[in-house]
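Notes for the structure review
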Amino acid sequence: MEKLRLSLIILTLCFVSSSWAQKSVSGVVTDANNMPVPGVNIIVEGTSNGAVTDFDGNYSITVNANDVLVFTYVGYTTAKRTYTGQTTINVKLEENSAELDEVVVIGYGTVKRKDLTGSVVSVGSKDIEQANKVDAISALQGQAPGVVIQRTDNKPGGGGFNIRIRGASTINSNQTASNGGFNPGQNPLFIVDGIFVDDISFLNPADISRMDILKDASATAVYGSRGSNGVVLIETKRGKTGELKIDYSNYVGYKEAYNLPDIYDGPGYVELLRDVALGQVFNSTDGDLNTRRGDVSIADYLDEQELQNIADGVSTDWVDLLLEKGFQTNHTISLSGGTEKTTYSAGLAYTLDKGNFAGEDFKRYNIRGSLNSDLKDWLNINISNYITTATQNIGTLEAFRSAYRLKPIGSPYNEDGSLRFTPIDKETQITNPLFDLQNITREQKFLQYIGDIALKVEPLENLTVTSKFSPNLKYQRYGEYRGLLTKSTSGNPANRRAVTSNSNYFSYSWDNILNYSLETRVHALNFTGVVSRFMERRENYDNEVRNFTTDAFTFYNLGAGLSIRNLGSGFSKQTLESYTGRVNYTLADKYLFTVTGRYDGSSILSDKNKWAFFPSAAFAWQVIDEDFLAYQEVLSNAKLRLSYGQTGNNGQGGGLGPLASQSLLGSGATNLGDSSVSTAFLTGIANENLTWERTTEVNLGVDFGFLNNRISGSVDLYRRKNTNIIFFTPLPNVTGFGGTYDNVGESTNQGIEVSLNTTNIDNGNFRWTTNFNFASNKNTLDKLYGDLDEIIFNVNGTNLIHRVGEPIGAVYDYEYAGIWQLDEVEEAAVFNQRPGQVRVTDVNGDGLITPGEDRKVIGQVTPKWTGGITSTMNYQNFDFSFLLNFSQGNTYKSVFHSNYAWGYDNEPSRLFNGYKTDYWTPENPTNDWFQPGNPGQFRDAILYMDVSYVKVGFMTLGYTLPSNILDKIKIRNLRVYATVQNPFVFTKYDGWDPESAGRDQYGAAFMTRTFMTGLNLTF
C-alpha cells in the first residue's frame, strides 16, 4: 500500500511539474505577400496537441520547451519552428508549386497546373509588383523563359517594346522599322480579361493578378490564327470571398540618366580637331605619312568667334546643361470582398513619370471594377470594366542628339544672359537645344475602355453555357506644334507648323462557350466548345498646317495657319470568325490528353482561302504518381509532356492590310489639252491564291521536383516550322506594279527553355529562394520565293539579309579586321587603303574588296540566348530581393557610334563633338578605333557591335511591421521598402543602351535608373 501511495505521489509531481513547464505561444501566419492565411493547421510534432489560424491568420497554442511546431496548409510548403522560450512565433508560408492546385488560364477556360499538357509559364502579382515598373511589359522582362523583351523607347510612357516568344515566326514585310532597329517576327497576342488588345501599356501593373504565357502550339491552338506568335493572357484583380479588404500601395522616387558616354570638353575638342586635321593628311592620296600632330594647324578650320571662345576658355557641357532629375510615382488603392454568392472588386490608380529632359512626362489614371454574382443556382453574371486615360508629353525630337553633336566651344548664352539661338554663328545646322525644349509641344492623349459582360447558365449538372461580350474602345489624339524659335523653324514664320492626328479604334469579341465536365474514380473528361466572332474597326484623321503669325495657339487653332500642307484620313475594318473544340481527358489521374481544333475565317485573305483548320494534340504523363516511385523520397514531382499542333497567321502583322489581297482603284488627274481630267488606276494586283501562314510545332517537356520541391522546375525542347509565310513579293517592272503579297517562305525555330526554382536555405528565421530561367533559340530561313535564295535590304543604315540557311534578317556586311598600321603601308595599298583606316576581311582572298564577294553574315539581331535570375531573402520581418536579366549573342550596327563618331570629320570646319575613345594615331597604333578624319571606305564595318548585356533589373529591401503592433491600430499588414531599378548594366557596348543600339536616335532618350521608396498597406 505504501508503494502504491508513493507511486501516485511521484506521478502527481511529474504531472504538476510538466504543467508548470508548459507555456503559451502565439503568432500570425502569412503568405509570401504578407497576407494572413486562415485555416492553417499547427500541431506539436509527435503529439495530438494542435490549433488552427483564424481569419486574420492568428493562432495560440500551449507548448513545452524544445517542442517543434509544424505548420501545414494545402498548396504551401510545410514549415517547422522550434519553441525555445519565445512568446511569439510568426511564420511566413511559401507556395509549393507541386502541391498547389494552381489554376492556370489556358484560353476559354482554366486547368490545374498539375493537369497541364502544354507549355505555359505564369508570372504572379507578387513578381509583377516587386519590379515597380510603370508598364506591365517591363515587369515581365527577365522572368519568363523563352520570352525575349527588347525595350526600344526610354521616354516616359513610350511603351516601345519588341516581344518575341520562341523566336521570329515570320518575315517582316515592313523593312523600314525605326524604333529599336529591325527585329524580325511579330509581337504575341495580348488578351486582357478575355479582350484582344494590341499592347498592354495602358494597364497599371499593380492591377494585374497574373500573366499566363502560352508558348507551344498545343497551348496556343485554341486561338488558332491569332496564336502563332504566342499568347499572353492577363487577368486583372478580382474580388474574393470574405469581409471588405482595402489595399493601398505607393512608391515615389527620382530618376537619373546613366551609362552616359563621355564626350569632349573644350580643350579635348581642340585636340580632337587637330587629330582630324592630321587624319585628313593621312587620308590624302599624296599625304605625307610622316606628318605628326604638331605639324598641322587648326586655324584654317575655325572662324574668329571660335578662336576667341577657345582663348576665353569656353567649354560647354551641353548634355549636363539639358539633363535634370526625373521623377516617378504611383498610387493604387483597391477594395475587394464578397459573400459566397457575390464578390466584388474596385480600384483607382495614378501614375506620374517625368523624364530627364524638360517637357517629357507621362500621366496615367486607371479605374477598374468587377462584379461576380450567382443570381440563381443555375445563373451567374460576371461584369468587369477597365478605364485608362493618359497624357504623354513626348518632348523635342532634336535636343537629345543636338546635345551630343554641338561643339563644346560654343556658348548657350549671350553676354546679357539671354539664350543664343546658334551657339556658333557659322553652325546654322545645329541650334541651341534649350530653345527646342521651350518652344516645341508634342502631346499624345488617349482614352481607352475595355470591359466584358458574361452570362453563364448551368442547364444541367456539369454543363455550362457562357455568352461573353467584350468591347475595346480607344480614342487617341496627337498634337504637335513647332514654334518660331526651334531648329526646324529657324526663325522663319512660314515654317511654324501644327500637326494633329486623331484616331478611333473599336473592336469586340463575342464568345459563346459550352463546357461539359464528367468525372469518375478513374476517368475525367472536359469538353469546351466555342463559337467566336471578332471585329476590328479603325479610322484616322491627319492634318498639318504651317505659316502661323503667332505661337499662342499651338496646335489648337489650325485655322490660324495660312498654309495647308496635309489633309488625310483612313478607314479599315476586318472580321474573324472561329469555331473551336477542345477535349481534356485524364485517365487514373496520371495520363493526360488534350485535343484541340479551331476553324478560322479571316476577312482580309482572298475569297478562295479565307478559312483554315488548325489542330493540335498533347499528352502528359504524371510519372510521380506511378507505383514504382511511391516509396522513394528524392523525387517530389516528375511529369513528361509531349505536344504537336498547328496555328496560323493571316499576315496582318507582317504588313498585310484588310484590303491588301485585292486589286483597288486609286484616283489621280491628267491633262487633256488645256483641261484637267480625273483618272482612276489599279494600285495593285490581286492574289486569289493568298492563304494562311501555318506554324507547326512539336514540344517535349519535363517538369521535375526534388527533396519536397526544394529544387523544382521544367525543361522544354521545341521545333517550330513556318510555311506559306506571307511576304510582299517584287514583280518585274514591266508589269507596272511594285509587287504583290504572296505565300513564299519557310522558316524554322528550335530551342531549349529551362526554369529552375530552388529553396537554398530555410531554417525558420532565414529563408532564401532563387528562380532561374534560361532560353536559347536558333532561327533559320529555309525558303524564299521561286529560285531566289536571298534578299538584301537596309534598315537605319544596317545592312541585313534574308538568306536561306541563315537567321531571318541576319546582319550582312564586311567583317571588321582591325586598323591598318604604319608597317602595313604596302599591303594596305593593294586594297587602295592607308594606315589608320578600317581594315576588313578579304573573304575570298582575291586581293579585292567587293560587295558581292566579301560581305558575309556577321551576326544576328535577335539574341542567341536569354534568361533571368530572381533571388529573394527573408530574415524575420526583413526581405531583400533582386532581379538579373541577360541577353547574349546579338549584333547591331550602333546608331550612336554612327552618328557621334566625329560627324563631318571629312569636313573639319563643321566637325561635331565626339565621344572619347581610344582612336588610332601614329603615336597610338591601336586597333580599337580608326584615325579621326581618316576612316577609309569601310568605316561602317567597325560600327557593327555585340550588344549583349546583363542588367540588374531591381534591388529591393523591405520591412514588414510585426502583427502585435499592427493589431493595436487595426491594420492587417504594413510593409515599407526601398528599391532601385536598373542600378547596373554590364556590357561591352559603350553607347547609351544596348537594348536600343539600333534605334534611330531622332527623338530617343537615355537609359535611366530610379531610386524610390514605397509602402504596401492593407486594412
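Residues numbered from 1 in each chain as written. Predicted model: local features only at pLDDT ≥ 70, side-chain atom pairs only at ≥ 80, totals over all residues. Heavy atoms only, no water.

**Focus: the sheet that holds strand β41 (residues 856–860)**
Adjacent strands of a sheet pair through backbone hydrogen bonds, lying either parallel or antiparallel. The strand order across the open sheet built from four strands is β36-β37-β38-β41, with neighbouring strands paired in antiparallel fashion. The sheet is open, and its two borders are formed by β36 (790–795) and β41, each paired with just one other strand. Across the sheet, the mean angle from the axis of one strand to that of its neighbour is 40 degrees, orientation sign disregarded. (Pairing = 2+ DSSP bridges. Helix = DSSP H or I, 4+ residues; strand = E, 2+ residues; numbered from the N terminus. Axes fitted to C-alpha atoms, helices over the stretch in contact; angles between N-to-C directions.)

**Focus: helix α6 (residues 304–311)**
Listing the buried residues of α6 in full gives Q305, E306 and N309. Angularly, the buried residues of α6 cover 100 degrees about the axis, an arc narrow enough to put them on a single face. Those residues of α6 that are exposed and aimed more than 90 degrees away from the buried face are E304 and A311. Just beyond α6, the residue with positive phi is G313, at close to 75 degrees. (Buried < 20%, exposed > 50% of the residue type's maximum accessible area, 1.4 Å probe, protein only. Arc of directions from axis to C-beta.)

**Notes on the pairing of strand β46 (residues 949–960)**
In this structure, strand β43 (residues 878–888) lies alongside β46, joined through ten bridges in antiparallel fashion. Looking at β46, one finds that D879 is bridged to G958. By the bridge criterion, ten bridges tie β46 to strand β47 (residues 973–986) in an arrangement that is antiparallel. Its bridge partner lying in β47, F954 is registered against Q981.

**What to know about the pattern of salt bridges**
Where charged atoms from two side chains of opposite charge come close, those side chains can pair. Applying the stated criterion to the full structure yields 55 salt bridges. We note a salt bridge from R293 to E271, for which the minimum N-O separation is 2.8 Å. Of the two residues, R293 sits in the loop between α5 (266–283) and α6 while E271 sits in helix α5, which places them 22 residues apart along the sequence. One salt bridge in this structure joins D377 and K341, with 3.6 Å as the shortest N-O distance. With D377 in the loop between β20 (361–376) and β21 (379–393) and K341 in the loop between β18 (326–338) and β19 (342–354), this pair connects stretches of sequence that are 36 residues apart. (Salt bridge = Lys/Arg side-chain N within 4 Å of Asp/Glu carboxyl O.)

**Remarks on the nonpolar core**
Formed by 76 residues in total, the largest nonpolar core has its most connected members in Y404, V838, W902, W929 and F1006. Once you skip the residues sitting within four places of it in the chain, V838 turns out to touch Y816, G818, I819, W820, Q833, F930, P935, F938, R939, A941 and I942. Core analysis: the next-biggest nonpolar cluster, separate from the first, contains 37 residues, V134, F161, I163 and M1012 among them. (Core = buried A, V, L, I, M, F, W, Y, C linked by side-chain atoms within 4.5 Å. Contact = heavy atoms within 4.5 Å.)

**Description of the environment of A1005**
By the secondary structure assignment, A1005 is in the loop between β47 and β48 (1008–1018). In this structure A1005 comes out as buried when scored by relative accessible area, which is 15%. Along the sequence, A1005 and G158 sit 847 residues apart, while their C-alpha atoms lie 9.9 Å from each other.

**Some thoughts on the packing of aromatic side chains**
Under the definition given, this model contains 37 aromatic pairs. Pairing Y404 with F896 gives two aromatic rings, centres 6.2 Å apart and planes at 90 degrees, and the pair type is edge-to-face. Of the two residues, Y404 sits in helix α8 (residues 399–405) while F896 sits in helix α12 (residues 895–900), which places them 492 residues apart along the sequence. Members of the aromatic cluster, each reached through a chain of ring pairs, are F357, F400, Y404, F896, Y915, W929, F930, W992 and F1006. It is K474 that lies over the ring of F446; its NZ or CZ is 4.7 Å from the centre. If you follow K951 out to its NZ or CZ, it ends over the ring of Y949, 5.2 Å from the centre. (Phe/Tyr/Trp six-rings, centres within 6.5 Å; stacked < 30°, edge-to-face > 60°. Lys NZ or Arg CZ within 6 Å of the ring centre and 35° of its normal.)

**Points about a nonpolar patch on the surface**
On the surface, V465, L514, L518, L525, F527, V583 and V595 cluster together to form a nonpolar patch covering roughly 490 Å² of accessible area. As for its position among the elements, L514 is in strand β24 (residues 497–519). Overall, L514 belongs to the partly exposed group, its relative accessible area being 34%. (Patch = residues over 30% accessible without salt bridge, like charges linked within 9 Å, V, L, I, M, F, W, Y side chains within 5 Å. Areas by Shrake-Rupley, 256 points an atom, 1.4 Å probe, with all protein chains shown as cover.)

**Section: the sheet that holds strand β7 (residues 91–92)**
Taken in spatial order, the three strands of this open sheet run β4-β1-β7, and their pairing is mixed. The open sheet has two edge strands with one neighbour each: β4 (58–63) and β7. As paired strands, strand β1 (residues 23–30) and β7 are joined by two bridges and run parallel to one another. Within β7, the residue paired with T30 across the bridge is K92.

**What to know about the side chain of Q143**
Mapped onto the elements of the fold, Q143 is located in the loop between α3 (136–140) and β11 (147–151). What makes Q143 buried here is its relative accessible area of 12%. At a separation of 3.2 Å, a polar atom in the side chain of Q143 contacts the main-chain carbonyl oxygen of D127. Apart from residues no more than four positions distant in its own chain, Q143 is found in contact with V123, D127, N773, T870 and L883. (Polar contact = N/O pair within 3.5 Å; in protein donor to acceptor, adjacent residues only side chain to side chain.)

**A few points about unusual backbone geometry**
Of note in the backbone geometry, N259 takes a positive phi value of approximately 60 degrees without being a glycine. With respect to the helices and strands, N259 occurs in the loop between β17 (242–257) and α5. One non-glycine residue, N462, lies in positive phi territory at about 75 degrees.

**Points about the confidence of the model for the protein**
This prediction gives the protein a mean pLDDT of 87; 93% of its residues lie at or above 70. Within the model, pLDDT remains below 50 along residues 1–20, and this stretch shows one contact once partners closer than five positions in the same chain are excluded. Throughout residues 173–178 the model reports pLDDT below 50, and contacts reaching past four residues in sequence, or to other chains, amount to 20 contacts. (pLDDT = per-residue confidence, 0-100.)

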